[in-house]
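# Coordinate analysis (summary)
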Amino acid sequence: MAAHEQQVLEPRAVRGFDSRDEVFQSAWSAGSRRRGPSCRHVRERDGMRAILGSYDSELTPAEYSPQLTRRMREAEDMVQKVHAHSSEMEAQLSQALEELGGQKQRADMLEMELKMLKAQAGPAEQSFLFSREEVSSLRLKVEELEGERSRLEEEKKVLETQLERLTLQGDYDQSRAKVLHLSLNPAGAARQRLHEDRQRLREECARLRELVHALEAGGAVPPDLEAAAGLPSSGAVAELKKQVESAELKNQRLKEVFQTKIQEFRKVCYTLTGYQVDITTENQYRLTSMYAEHKTDCLIFKAAGPSGTKMQLLETEFSRTVQELIELHLLRQDSIPAFLSALTLDLFSRQTVA
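What you see is a predicted model; the values in this text were computed from it and never measured.

## Observations concerning the overall build of the protein
A count of helices and strands for the protein gives 9 helices and 4 strands. Listing the helices and strands of the protein from first to last along the sequence gives α-α-α-α-α-α-α-β-β-β-β-α-α. Counting across all 354 residues of the protein, residues that qualify as buried make up 15%. At a minimum sequence separation of 6, the contacts of the protein that also span at least 24 residues come to 35%. When the accessible surface of the protein is summed, it comes to about 28,900 Å², and 57% of that surface belongs to carbon and sulfur atoms.

## What about the environment of Thr-271?
With respect to the helices and strands, Thr-271 occurs in helix 7 (residues 234-273). Note on Thr-271: relative accessible area 58%, which makes it exposed. With 19 residues separating them along the chain, Thr-271 and Met-290 place their C-alpha atoms 8.7 Å apart.

## Things to note about the packing of aromatic side chains
Taken as a whole, this structure holds 1 aromatic pair when the rule is applied. Measuring from centroid to centroid gives 5.3 Å for Tyr-291 and Phe-348, while their planes differ by 70°, and the two rings are edge-to-face. Linking Tyr-291 in the loop between strand 2 (284-289) and strand 3 (299-304) with Phe-348 in helix 9 (residues 336-353), this pair joins segments that are 57 residues apart in sequence. Taking the relative accessible area as the measure of exposure, Phe-348 reaches 43% and is therefore partly exposed.

## Points about the sheet that holds strand 2
Strand order in the open sheet formed by 4 strands is 1-2-3-4, and the pairing between neighbours is antiparallel. Of all the strands in the sheet, the pair left with one neighbour each is strand 1 (275-279) and strand 4 (310-314). Taken pair by pair, the neighbouring strands of this sheet meet at an average axis angle of 30°, ignoring direction. In this sheet, strand 4 lies alongside strand 3 in antiparallel orientation, the contact comprising 5 bridges. Paired with Ala-303 across the bridge in strand 4 is Met-311. Against the sheet, helix 9 contacts strand 1, strand 2, strand 3 and strand 4, and its axis sits at roughly 175° relative to strand 3.

## A word on the nonpolar core
Core analysis: the biggest nonpolar cluster contains 14 residues, and Leu-299, Val-322, Leu-325, Phe-339, Leu-340 and Leu-343 have the highest contact counts within it. Counting residues per element, the ones that place at least two in this core are strand 3, helix 8 (323-332) and helix 9. If near-sequence neighbours (up to four positions away) are discounted, Leu-343 is found in contact with Tyr-275, Leu-299, Phe-318, Val-322 and Leu-325.

## Here we look at the pattern of salt bridges
Inspection of every chain in the model, using the stated rule, returns 10 salt bridges. Here Arg-149 ties to Glu-146 by a salt bridge, and the two come within 2.9 Å at their closest N and O atoms. One end of the pair, Arg-149, and the other, Glu-146, are both in helix 4 (residues 132-168), 3 residues apart, so they sit about a helical turn from each other. Given a relative accessible area of 41%, Arg-149 falls into the partly exposed group. Overall, the relative accessible area of 38% leaves Glu-146 in the partly exposed class.

## A look at the confidence of the model for the protein
Looking at the protein as a whole, the pLDDT averages 77, with 72% of positions reaching at least 70. Contacts for the low-pLDDT stretch residues 1-21, under 50 throughout, to residues beyond four places or in other chains number 15 contacts.

What counts and how
Residues numbered from 1 in each chain as written. Predicted model: local features only at pLDDT ≥ 70, side-chain atom pairs only at ≥ 80, totals over all residues. Heavy atoms only, no water. Helix = DSSP H or I, 4+ residues; strand = E, 2+ residues; numbered from the N terminus. Buried < 20%, exposed > 50% of the residue type's maximum accessible area, 1.4 Å probe, protein only. Contact = heavy atoms within 4.5 Å. Areas by Shrake-Rupley, 256 points an atom, 1.4 Å probe, with all protein chains shown as cover. Phe/Tyr/Trp six-rings, centres within 6.5 Å; stacked < 30°, edge-to-face > 60°. Pairing = 2+ DSSP bridges. Axes fitted to C-alpha atoms, helices over the stretch in contact; angles between N-to-C directions. Core = buried A, V, L, I, M, F, W, Y, C linked by side-chain atoms within 4.5 Å. Salt bridge = Lys/Arg side-chain N within 4 Å of Asp/Glu carboxyl O. pLDDT = per-residue confidence, 0-100.

See below:
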């Protein structure tokens, strides 16, 4: 029984294999007819047949039927893919043919238009042949017009700027705008006051000119001008002159008294302290001792700080000879009176010894 089934299955398998090959071959031939001859597809088909043949030679009769079924499904899938690919290629070919036809039709139309334009360009070129002089004159005219246009544009910008400025300043177009004047206009009242003030100032200037002329001439000032200018009378002027002379005399006497008192005070200070104080320049004072060996032996102090509260000793030829006293009383003790007293005793002892 098994042998009989095996004998029965073998022819069926062979027939199925032949039918499958026929279907596969018909699919490939249909795809080849649609797409045209393709060496790559032929090589792929032969390769697949060789692979299938190698599989068939290795399979046993028991494994042949399931394997054949699976391969039949794969072959059908492949056939469907080939059909789909061929349909897509046919659609693309049809679209390419349609586009080619459209492009050819457009090229024919453009060629006809070109012929028509060439036919029309012949008489037009003959009618538009200008001489060189005419072309140059037209070019110059165009340049002049361009320059005129640029100038007009600049003028337009300037006029627009002026119009903007006038608009901001309150100007308006009288042909388009209507102005209403108030009965009690503040601007009118201000103009009236300005006119009155200007008239009053002019009259006052005229009176002052007359007064200046009268004073320059040295004559008497008219009463109307005295009242207008607010000048004092002649008697008042004489009284003021007397008061000025009296004040000047008093000032002179005070100066003499002050000078006398200053000299007296300087002498008293010289006698009591033994130093004569002279002002050399601003904020500088020269001290000369009555016991100095030479007239040039002097000390110079400079006032520093607010209101001259601090004094600084400036270097002189005489100050270099008393460095010990300076270090002791000024640098260590910070006492100018002690320094001056010690210097006085030192100079006095020198004269006594001498």
